[in-house]
Amino acid sequence: MNENYILSPLINMRNTMLLFCVSILLANCTHEKLETATFDFDGEKLAIKAVIAKETESYYNQDFEAWKSTYLQSPAFRKFGYWEGYPDKVVSNIGFESLAAEKKKQFDKDETLWQGSIEERTNENFRISSNMAWYTFEQNSYEKDTRKFLGKSMETRILEKHNGDWKIAYLGFHYYPMPDEKQ
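A brief structural summary. (Residues numbered from 1 in each chain as written. Predicted model: local features only at pLDDT ≥ 70, side-chain atom pairs only at ≥ 80, totals over all residues. Heavy atoms only, no water.)

Tracing the chain through its elements places Ser-117 in the loop between helix 4 (96-108) and strand 3 (118-128). Engagement of the side chain of Ser-117 in a polar contact is seen with the side chain of Glu-119, the distance being 2.7 Å. Once residues lying within four places of it in the same chain are set aside, the contact partners of Ser-117 are Tyr-60, Tyr-142, Lys-144 and Leu-150. (Helix = DSSP H or I, 4+ residues; strand = E, 2+ residues; numbered from the N terminus. Polar contact = N/O pair within 3.5 Å; in protein donor to acceptor, adjacent residues only side chain to side chain. Contact = heavy atoms within 4.5 Å.)

This is the structure we're talking about:
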């Protein structure tokens, strides 16, 4: 029997597999280039900042539905924060339902602190992909009319995109201790 006759199907199969693998790699590279080319980092950054601004404004206006619309309403949601003004200093919410119940009660009782305050964000950092982003910043809060300093915090937001809209999936904040006014 001719050796080439036996090896020929194997060589053809090897060449077919090689061509198939190269085609898949080229298709993936083309897809990644198209995704990268159509990703608008600056546009996504503006959309994220708009969600954060809407969350802050609706929080101080105690507009529960508008505030709620900025969040990932899921058991996967997390909030962890620290502020000297809290009785236990540290707060957390595991899942959105506990946060929603807390804020609904707070808004209904008109117990939101710092209503109408002005927030200034600095040292902003964005990491954004097509469906997930994180945004860190420092925030100074001031009374609206007097510009009295209320507090400075380090903030983290992790967002997920759902149906084309960014939603806050993680809210983290750590307030710096206030300077002692007696000094």
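What follows is about unusual backbone geometry. Of note, the phi angle at Asn-123 is positive, near 50 degrees, even though the residue is not glycine. Its location among the elements puts Asn-123 in strand 3. With a phi angle near 50 degrees, Asn-163 is a residue other than glycine that sits in the positive phi range. By secondary structure assignment, the location of Asn-163 is in the loop between strand 5 (149-162) and strand 6 (165-175).

The next thing to look at is the nonpolar core. Among the nonpolar cores identified, the biggest contains 25 residues, and Ile-48, Trp-67, Tyr-71 and Ile-168 are the most heavily contacted of them. Secondary structure elements with two or more residues in this core: helix 2 (41-60), helix 3 (64-68), helix 4, strand 3, strand 4 (132-142) and strand 6. Setting aside anything within four residues of it in sequence, one finds Ile-168 in contact with Val-51, Ile-52, Glu-55, Thr-70, Tyr-71, Leu-72, Phe-77, Arg-157, Ile-158 and Leu-159. (Core = buried A, V, L, I, M, F, W, Y, C linked by side-chain atoms within 4.5 Å. Buried < 20%, exposed > 50% of the residue type's maximum accessible area, 1.4 Å probe, protein only.)

Here helix 4 contains 13 residues, and its C-alpha end-to-end distance of 18 Å stays within 8% of the 18 Å for a straight helix at 1.5 Å per residue. For helix 4, the set of buried residues is Phe-96, Leu-99, Ala-100, Lys-103, Gln-106 and Phe-107. For helix 4, the buried positions fall inside an angular range of 130 degrees around the axis, keeping them on one side. The exposed residues of helix 4 that point more than 90 degrees off its buried face are Glu-97, Lys-105 and Asp-108. Close packing links the buried residues of helix 4 with helix 2, helix 3, strand 1 (78-82) and strand 2 (90-94). Asp-110 sits one or two positions beyond helix 4 and adopts a positive phi of about 55 degrees. (Expected span 1.5 Å × (residues − 1). Arc of directions from axis to C-beta.)

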